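Survey of secondary and tertiary structure
If you want the building blocks of each chain, they are given just below.
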Amino acid sequence: MSELAPYAADVAASRGRLHAEADSPTRTAFARDRDRIIHSTAFRRLKGKTQVFVANEGDYFRTRLTHSLEVAQIARSLAHSLRLDEDLAETIALAHDLGHPPFGHAGEDELHACMAPWGGFDHNVQTFRVLTRLEVRYPAFDGLNLTWETLEGVIKHNGPVSHHMEEPSWKALADFNAQWDLRPDSFASLEAQCAAIADDIAYNNHDVDDGLRAGLFSIDDLLEVPLIGAALRSVREDWPDLEPRMLRLEGVRRMIGVMMQDVMIETHRRLAEDGVQSIENARAARRQMVAFSKPVYDDLSRLRGFLYERMYKHYRINRVRSYAKRTLNEMFQQFMHEPDTLPTAWFQLVCSKDTEAARARVVCDYIAGMTDAFAIEEHRRLFSFGG
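Here the structure is a predicted model, which means the values were calculated and not measured.

What counts, and where the lines are drawn
- Residues numbered from 1 in each chain as written.
- Predicted model: local features only at pLDDT ≥ 70, side-chain atom pairs only at ≥ 80, totals over all residues.
- Heavy atoms only, no water.
- Salt bridge = Lys/Arg side-chain N within 4 Å of Asp/Glu carboxyl O.
- Helix = DSSP H or I, 4+ residues; strand = E, 2+ residues; numbered from the N terminus.
- Buried < 20%, exposed > 50% of the residue type's maximum accessible area, 1.4 Å probe, protein only.
- Disulfide = S-S within 2.5 Å.
- Expected span 1.5 Å × (residues − 1).
- Contact = heavy atoms within 4.5 Å.

1. Structural notes on the pattern of salt bridges
Across all of its chains, the model carries 40 salt bridges by this definition. For glutamate 377, the salt bridge is made with arginine 381, and the minimal N-O distance between the two is 3.7 Å. Of this pair, glutamate 377 and arginine 381 both sit in helix H18 (residues 372–383), four residues apart, roughly one helical turn. The class of arginine 381 is partly exposed, set by a relative accessible area of 34%. The residue glutamate 378 makes a salt bridge to arginine 381 at a minimum N-O spacing of 2.6 Å. Pair noted here: glutamate 378 and arginine 381 are both in helix H18, with a separation of three residues, about one helical turn.

Quick look at the structure:
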């Protein structure tokens, strides 16, 4: 491994863990965080949670798990090229989607609506709650007891969050921050920023891939769309007779390469222009350092516009969204009005709470942890005669 850049996170200078633990003899603190995430229940459940399509529609569409692995691979590659701590970038990438409920963003929107009287629902905050409270695997503490740098990166990978701290849905983070200051008004490490932009690279590319596989649009539809169009045309120039499947795969591969190369060039430019020489310089910067250039950012916005019109608003996706909202809403109302229909352990947890808001949060946690298939089956058991 090459020597780390001066602005990389230094695991030897880590601020440690909320609950002190002896160091691992075999791993760095950031690698240990990664392993704890991989072994968590929430991480395994990502296999059954969707990005866009319901997880049981086909075995070739992305799930939250495959997406998280792709994000981690891209984040680690970027960190390596920028001479950052690869373990920290990978760890934050693997953790970033742990709080997503079933049925993708449709599920999140519905849970937020259901929880509106009691503070709402935000998947980023739910991820943080999973890591710091809901995963119960150790006798000495709740949560995974991750390092300060990992927790900072998970909650701030998209930038400072101080403007959220008064929002009801962010109360869990505000409460934790009063105990251990994560500096919500600053940027996170460059490793966290790598994870954030890797998320953008991964989901835009795999949405193109999945949309083509699902027949929501064709290769010809994409030829004039920024980024992917140029990639597909270059493949056709090199292999004029290439069959569609290989054309799709090679086109997506090239688009990922173009986006990653652009990020590396733009990041080096910003670091030099802003005089960033340390991780504290990066945290105090006036802008995100790991970023796309303006031309690629603008092209990406146009690609997203295409996907929004041709994929996210497609009637097949609208049907999934409608089903998801109805399913989660009906279960939420059922459990709020008849909590004794919850599984015993969850019912007992509800009974231990002395406010309606706390009881609603327990119901929300139960539903948010479900996979798509489990949510479908649980709904059937609740509302189908003889279920």
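2. Description of the state of the cysteines
A full pass over the atoms with the stated rule returns zero disulfides. For cysteine 114, which is in no disulfide, the shortest distance to another cysteine sulfur is to cysteine 364 and amounts to 8.2 Å. Judged by its relative accessible area of 6%, cysteine 114 is buried.

3. Description of unusual backbone geometry
Not every positive phi belongs to a glycine, and asparagine 145 is a case in point at roughly 55 degrees. Summarising the element assignment, asparagine 145 is placed in the loop between helix H6 (123–134) and helix H7 (148–156). Of note in the backbone geometry, arginine 183 takes a positive phi value of approximately 55 degrees without being a glycine. Take arginine 183: it is sitting in the loop between helix H8 (171–179) and helix H9 (190–213).

4. Focus on helix H3 (residues 64–81)
Residues spaced three or four apart along an α-helix face the same direction, because each turn holds 3.6 residues. Its 18 residues give H3 an end-to-end C-alpha distance of 26 Å, which sits within 8% of 26 Å, the value for a rise of 1.5 Å per residue. When H3 is considered as a whole, its buried residues turn out to be Arg64, Leu65, His67, Ser68, Val71, Ala72, Ile74, Ala75, Leu78 and Ala79. Each element contacted by the buried residues of H3 is listed here: helix H2 (41–45), helix H4 (86–95), helix H5 (104–114), H9 and helix H12 (244–273). In the segment just after H3, arginine 83 is the residue with positive phi, at about 60 degrees.

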